[in-house]
Amino acid sequence: MNSVILRLNPVYQKIYKRAKPFLQTRKNVIHTQIALRYALKLLKKEEGDEGIVIPAILLHDVGWKALPEPLQLTAFGPNPSNPNLTRLHEREGARIAKSILEKLHYPSQKIEEICQIINGHDSRKRPLSWNDRVVKDADKLWRYSRKGMAIDLDRFHMPRRDYLIFLEASIEPWFLTPTGMGLAKKEILLRKRDKP
Ligand SMILES: [Fe+2]
Ligand SMILES: [Fe+2]
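Quick caveat: nothing in here was measured; it's all calculated off a predicted structure. (Residues numbered from 1 in each chain as written. Chains lettered and ligands numbered in written order. Predicted model: local features only at pLDDT ≥ 70, side-chain atom pairs only at ≥ 80, totals over all residues. Heavy atoms only, no water.)

(A) Geometry of the environment of lysine 110. Relative to the elements of secondary structure, lysine 110 occurs in helix 7 (residues 108–118). For lysine 110, a relative accessible area of 27% gives the class partly exposed. It is 40 Å that separates the C-alpha atoms of lysine 110 and methionine 158, two residues lying 48 residues apart in sequence. The contacts of lysine 110, once residues within four sequence positions are left out, are Asp49, Gly51 and Ile52. Reaching out from lysine 110, the side chain makes a polar contact with the side chain of aspartate 49 at a distance of 3.1 Å. (Helix = DSSP H or I, 4+ residues; strand = E, 2+ residues; numbered from the N terminus. Buried < 20%, exposed > 50% of the residue type's maximum accessible area, 1.4 Å probe, protein only. Contact = heavy atoms within 4.5 Å. Polar contact = N/O pair within 3.5 Å; in protein donor to acceptor, adjacent residues only side chain to side chain.)

See the structure below:
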């Protein structure tokens, strides 16, 4: 298992183990691990309940498994042609997450909040809570990581220079916590220095 997962409390490791089969699409295993790394960083500085944030991050994209891969690519990115599919992966994700968490006897109040966060994690612009802010920022920070950016560039067929401009311009409108915004700014500087 990946080192960031191995460092988690056993209850979260169990959630990850059940989420993993649903993450075997769209590079979601690596996406989830990188988003988790950012979520753990954010939780050190920002308000947020790890009992909500960690399961929400581990499970937020399990719903993509319900969509065939060629269709997934039309749902997201700088110019999505089929954005309603984004809603579908959110709704499916909330349904799958609920069943995983119930099987693990996770506290029901927490399940409700986790599923609310998942059901809208991409489409809902206004955050529901501090927990939601942390989840949204961790998810978006993936795009600024070296690995995430390389994967997205490959998907979107956009010149690297243009994509960097798009990502830099998106920092202000996207990020909801000061720590998330700071990390995005730091990462974009590093990406500019990376060898293409
Ligand atoms: Fe998503
Ligand atoms: Fe995501």
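Okay, back to it.
(B) Just the coordination of the iron ion (ligand 2), in detail. Ligation of the iron ion (ligand 2) by protein atoms is provided by His31 (NE2), His60 (NE2), Asp61 (OD) and Asp139 (OD), these donors lying 2.1 to 2.3 Å from the ion. Between the four donor atoms coordinating the iron ion (ligand 2), the angles at the centre fall across 83 to 168°, so the site counts as irregular. In primary-sequence terms, the residues that donate to the iron ion (ligand 2) follow H-x28-H-D-x77-D. Between the iron ion (ligand 2) and the iron ion (ligand 1), a separation of 3.7 Å is found, and both are coordinated by aspartate 61. Of this pair, aspartate 61 sits in the loop between helix 4 (50–59) and helix 5 (69–72) while aspartate 139 sits in helix 8 (residues 130–141), and the two are 78 residues apart along the sequence. (Donors = N, O, S within 2.8 Å, 3.2 Å for Na, K, Ca; no water. Tetrahedral: all angles 85-135°; square planar, octahedral: opposite > 155°, others 65-115°.)

(C) Quick peek at the nonpolar core. Formed by 60 residues in total, the largest nonpolar core has its most connected members in Leu36, Leu58, Leu59, Tyr144 and Phe175. Counting residues per element, this core draws most heavily on helix 3 (residues 28–45), which supplies eight residues. In contact with leucine 59, not counting residues within four places along its chain, are Ile15, Ala19, Ala97, Ile100, Leu101 and Ile118. (Core = buried A, V, L, I, M, F, W, Y, C linked by side-chain atoms within 4.5 Å.)

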